[in-house]
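What the coordinates show
For reference, the chains in residue letters:
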Amino acid sequence: MAAQHPTAALLLCEVVMEILSWVPAKPLTRLKLVCKSWNSIISHPHFVKLHLHRSPKNSILLFTRTKRLTLGEEEKQGLVLSSVESFIRNPSSSLDAQENRHSLHLEDWVSGSCNGLVCVAHILCHHNNDICDIWFRLLNPLTGFVSENSPCLRVNVHNSFGFGYDESSDSYKVVTVIRDSSGTVTAQVYSFGGSSWKTINSLPAFLFFAGDINGHFIGGTLNWLFLRNPHGAHYDWSDVTLDMLMIVSFDLKSDTHKQILLPTGIDEIPREVPTLEVWGNSLYLLHDYNNTHFIAWQMKEFGDENSWTQLLKISFQHLGVERLFLPKFIFENGNIFMLRGRLPFEKVFYDRRDNSVTRVNILGHNRYFDAFDYVESLVQPC
């Protein structure tokens, strides 16, 4: 049999790569076993990036903590992968599912998800002096990849962190923001695969955090909702004024920060602490109004403060809630919002497309859960 012409072989390889790049990530892990050439194609960094670019964001990542069932039994934590549709249809089953669960240590905290990678902080606190030792690692729940731990970072308990991707250097980074007892704020930046943390001293003095401790990744930046110039490490939200509230955006490429202005339509401080969320390519700000309505703002073009748009203003009476509680999550391109109901185990889903409200009781033994925008991928950074 005549040897295949090199040009024909190259063309065949490109055709195979094009076809495989549209296959979901989970089947690709099995297709690697078909033959050596397919394994080589699927494992190639160029293919991994191409496949990631074409992958739909059709999953959420659930970080759960399970309470003790009997005296003496240990608490447990885990990652649970679920599609948005399955989670909304039956949250309890999604949280309790074992086939898509990945165990974590009780001292672990998920700090973010990006490109199919999950960043986990392992936190050991010394309660007698308010000092914590933190190590970070990356997981790919689909492939089973686990990175080496970052160097240990010793910080005080007043810290917040975030995880994201710097496209300019093709590196995954974690940023820890620390405020010491004097009010000085620094950021510690670590690039996975490196050997040390980098200190950034240019941040303004503010008290973090006015909302979620996790920074929200979008457009190569990590974003937090902070308070500016608070009086001490402890404060009463009723004393907070609107000019103290600020969004700080940290650029992973330049290690610099900037302030993002709040929507101009906010004319008074909310009764409850607002929260930031990210879904897809949009930043969201969620808060209450006069303790009677739920309001959601969307920054349609990230970085453009003029693109803040009020997506909805819906009454608590229509939602069947008495007040806003964390967690507040967004699904389906800003169309579905999840709030806590009147009872801790009740969740309320509001779909702004048809103004419908669905109440679901989350049963089982999950004491706590968080949710992240997640997509399965083949990414395994060096």
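Residues numbered from 1 in each chain as written. Predicted model: local features only at pLDDT ≥ 70, side-chain atom pairs only at ≥ 80, totals over all residues. Heavy atoms only, no water.

Glancing now at unusual backbone geometry. The backbone of Asp170 shows a phi angle near 50°, a positive value even though the residue is not glycine. Turning to its location among the elements, Asp170 is positioned in the loop between β9 (159-166) and β10 (171-179). Unusually for a residue other than glycine, Asn290 sits at a positive phi of about 60°. Along the chain, Asn290 turns up in the loop between β19 (282-289) and β20 (293-299). (Helix = DSSP H or I, 4+ residues; strand = E, 2+ residues; numbered from the N terminus.)

Turning our attention to the pairing of strand β17 (residues 256-260). Relative to β17, strand β16 (residues 245-251) is paired through five bridges, and the arrangement is antiparallel. Looking at β17, one finds that Val248 is bridged to Gln259. Counting the residues that bridge the hairpin from β16 to β17 gives four residues, and of these Asp255 lies at a positive phi of roughly 55°. (Pairing = 2+ DSSP bridges.)

With respect to the helices and strands, the residue Asn140 is situated in strand β6 (residues 131-140). Looking at Asn140, the relative accessible area reads 1%, which means it is buried. Separated by 2.8 Å, the side chain of Asn140 and the backbone oxygen of Val379 make a polar contact. Apart from the residues lying within four places of it in its own chain, the contact partners of Asn140 are Gly116, Leu117, Phe145, Ser377, Leu378 and Val379. (Buried < 20%, exposed > 50% of the residue type's maximum accessible area, 1.4 Å probe, protein only. Polar contact = N/O pair within 3.5 Å; in protein donor to acceptor, adjacent residues only side chain to side chain. Contact = heavy atoms within 4.5 Å.)

Another aspect to go through is the sheet that holds strand β24 (residues 346-351). The strand order across the open sheet formed by four strands is β22-β23-β24-β25, and the pairing between neighbours is antiparallel. For this open sheet the edge positions go to β22 (329-331) and β25 (356-361), each flanked by a neighbour on one side alone. Across the sheet, the axes of successive neighbouring strands diverge by a mean angle of 25°, strand direction being ignored. Of the strand pairs in this sheet, β22 and strand β23 (residues 336-340) are connected by three bridges, and their pairing is antiparallel. Following the sheet pairing, Phe329 is matched in β23 by Met338. (Axes fitted to C-alpha atoms, helices over the stretch in contact; angles between N-to-C directions.)

Following the sequence through the fold, Glu148 ends up in the loop between β7 (145-146) and β8 (153-156). Separated by 10 residues in the primary sequence, Glu148 and Leu138 have C-alpha atoms spaced 7.7 Å apart.

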